[in-house]
Amino acid sequence: MNPHIKNALLHGRLVLLFGAGASIGCKNSLKQNPPLGWDLAKILAGEMGEEFSDEDLSDVYSAAKEVLGDQVHRIFEKHYKHCTSSDEFNTLLKYPFFRIYSLNIDDGFEKAAYQVPGLKFNVKNRDDNITEIDQFYQTLDYIKLNGDVNHPSK
């Protein structure tokens with residue numbers, strides 16, 4: 001590991017960004033990894049009774065919202081809510097981060113964070129106010145940039 005990055009990590013001066021794939025290792029209520037974008041597009045197309053032809057997730061999601069309405073939220077809950085955390089998430093929480101951003105909507109990381117004794121853990125959305133850094137690293141803000149399965153209206 002680069003010594004500058006290692007030093008910043010050990011002193012709590014890094015911010016993480018979880019992208020697609022960060023939740024691999026978590027298990028959803030179906031005992032599967034939460035699906036990545038391409039797999040979610042395929043699931044949504046199937047729920048609409050449509051053939052999936054490698055369309056972008058954003059296009060399939062828009063069509064699914066129009067065709068399926070609120071049923072989309074139930075599909076998301078089945079695949080992204082009530083996840084168990086991964087070993088990797090449990091390990092990450094041993095390091096002093098003050099803020100982590102995520103592109104993912106599942107709740108696997110939250111499950112891990114709520115198990116850490118003494119950690120003040122805040123889940124925020126992209127439009128929420130960001131708080132000042134906790135100088136003692138007892139507070140972790142987790143900012144979900146693409147929404148949250150637990151708050152579908154956002």
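Just above, that's the structure.
Structural notes, computed from the coordinates. Just so it is clear, the model here is predicted, and its values are computed rather than measured. (Residues numbered from 1 in each chain as written. Predicted model: local features only at pLDDT ≥ 70, side-chain atom pairs only at ≥ 80, totals over all residues. Heavy atoms only, no water.)

## Section: unusual backbone geometry
For clarity, the cut-off: Starting at the N terminus, helices and strands are each numbered in turn, a helix being any DSSP run of H or I of at least four residues and a strand any DSSP run of E of at least two. For every residue, the accessible area (1.4 Å probe, protein chains only) is compared with the maximum for its type, and the residue is labelled buried under 20%, exposed over 50%, or partly exposed between those bounds.
Non-glycine residue Asp-54 carries a positive phi angle of around 60°. You can see Asp-54 is positioned in the loop between helix H2 (37-48) and helix H3 (57-68). Residue classification places Asp-54 among the exposed residues on the basis of a relative accessible area of 57%. Phi is positive for His-82, close to 65°, though the residue is something other than glycine. In this fold, His-82 is placed in the loop between helix H4 (71-80) and helix H5 (87-92). We classify His-82 as exposed; its relative accessible area is 51%.

## Regarding the pattern of salt bridges
For clarity, the cut-off: We count a salt bridge whenever a side-chain nitrogen from Lys or Arg sits within 4 Å of a carboxyl oxygen from Asp or Glu.
Within this structure, the stated rule accounts for three salt bridges. Here Asp-148 and Lys-144 are joined by a salt bridge, their closest N and O atoms 3.4 Å apart. Of the residues examined, Lys-144 reaches a relative accessible area of 0% and is grouped as buried. Bridged by salt links that share partners, the residues Glu-110, Lys-144 and Asp-148 form one connected network.

## Thoughts on the layout of surface pockets
Which entries qualify depends on this criterion: Put plainly, a pocket is an open set of points on a 1 Å grid over the protein atoms alone with protein on both sides within 12 Å along at least five of seven lines, a cavity is a set where a 1.4 Å probe fits but cannot get out, and a lining residue has an atom within 4 Å of a point. Grid points are joined across faces, edges and corners, and a volume is the space filled by probe spheres set on the points.
By volume, the largest pocket is sized at about 630 Å³. Breaking the lining of the largest pocket down by element, the ones donating at least two residues are H2, H3 and H4.

## Re the sheet that holds strand S1 (residues 16-18)
What counts is decided by this rule: Two strands qualify as a pair provided DSSP detects at least 2 bridges between them. Each axis is a line fitted through C-alpha atoms, and for a helix only the stretch in contact is used; angles between axes span 0 to 180 degrees, taken between their N-to-C directions.
Pairing is parallel across the open sheet formed by four strands, whose spatial order is S1-S2-S4-S3. The strands lining the two open edges of the sheet, one partner per strand, are S1 and strand S3 (120-125). The mean inter-strand angle of the sheet, taken between neighbouring strand axes irrespective of direction, is 20°. Of the strand pairs in this sheet, S1 and strand S2 (residues 99-102) are connected by three bridges, and their pairing is parallel. Residue pairing in the sheet places Leu-16 in a bridge with Ile-100 of S2.

## Notes on the packing of H2 against H3
In plain terms, the rule: Throughout this description, any angle smaller than 35 degrees is read as roughly parallel, any larger than 145 degrees as roughly antiparallel, any in the 65 to 115 degree range as roughly perpendicular, and the remainder as oblique. Two helices crossing with the near one rotated counterclockwise from the far one by less than a right angle form a left-handed crossing, whereas a clockwise rotation gives a right-handed crossing. Here a residue-residue contact requires only that any non-hydrogen atoms of the pair lie within 4.5 Å. Note on residue classes: Ala, Val, Leu, Ile, Met, Phe, Trp, Tyr, Cys and Pro are nonpolar, Asp, Glu, Lys and Arg are charged, and everything else, Gly too, is polar.
Taken N-terminus to C-terminus, the directions of H2 and H3 make an angle of 30°; their axes are 9 Å apart at the nearest point. Considered as vectors, H2 and H3 are oriented roughly parallel to each other. The chirality of how H2 crosses H3 is left-handed. Of H3, the residues touching H2 (which contributes Gly-37, Leu-40, Ala-41, Leu-44, Ala-45, Glu-47 and Met-48) are Leu-57, Val-60, Tyr-61, Ala-63, Ala-64, Val-67 and Leu-68. Here the residues of the contact of H2 with H3 sort into twelve nonpolar, one polar and one charged.

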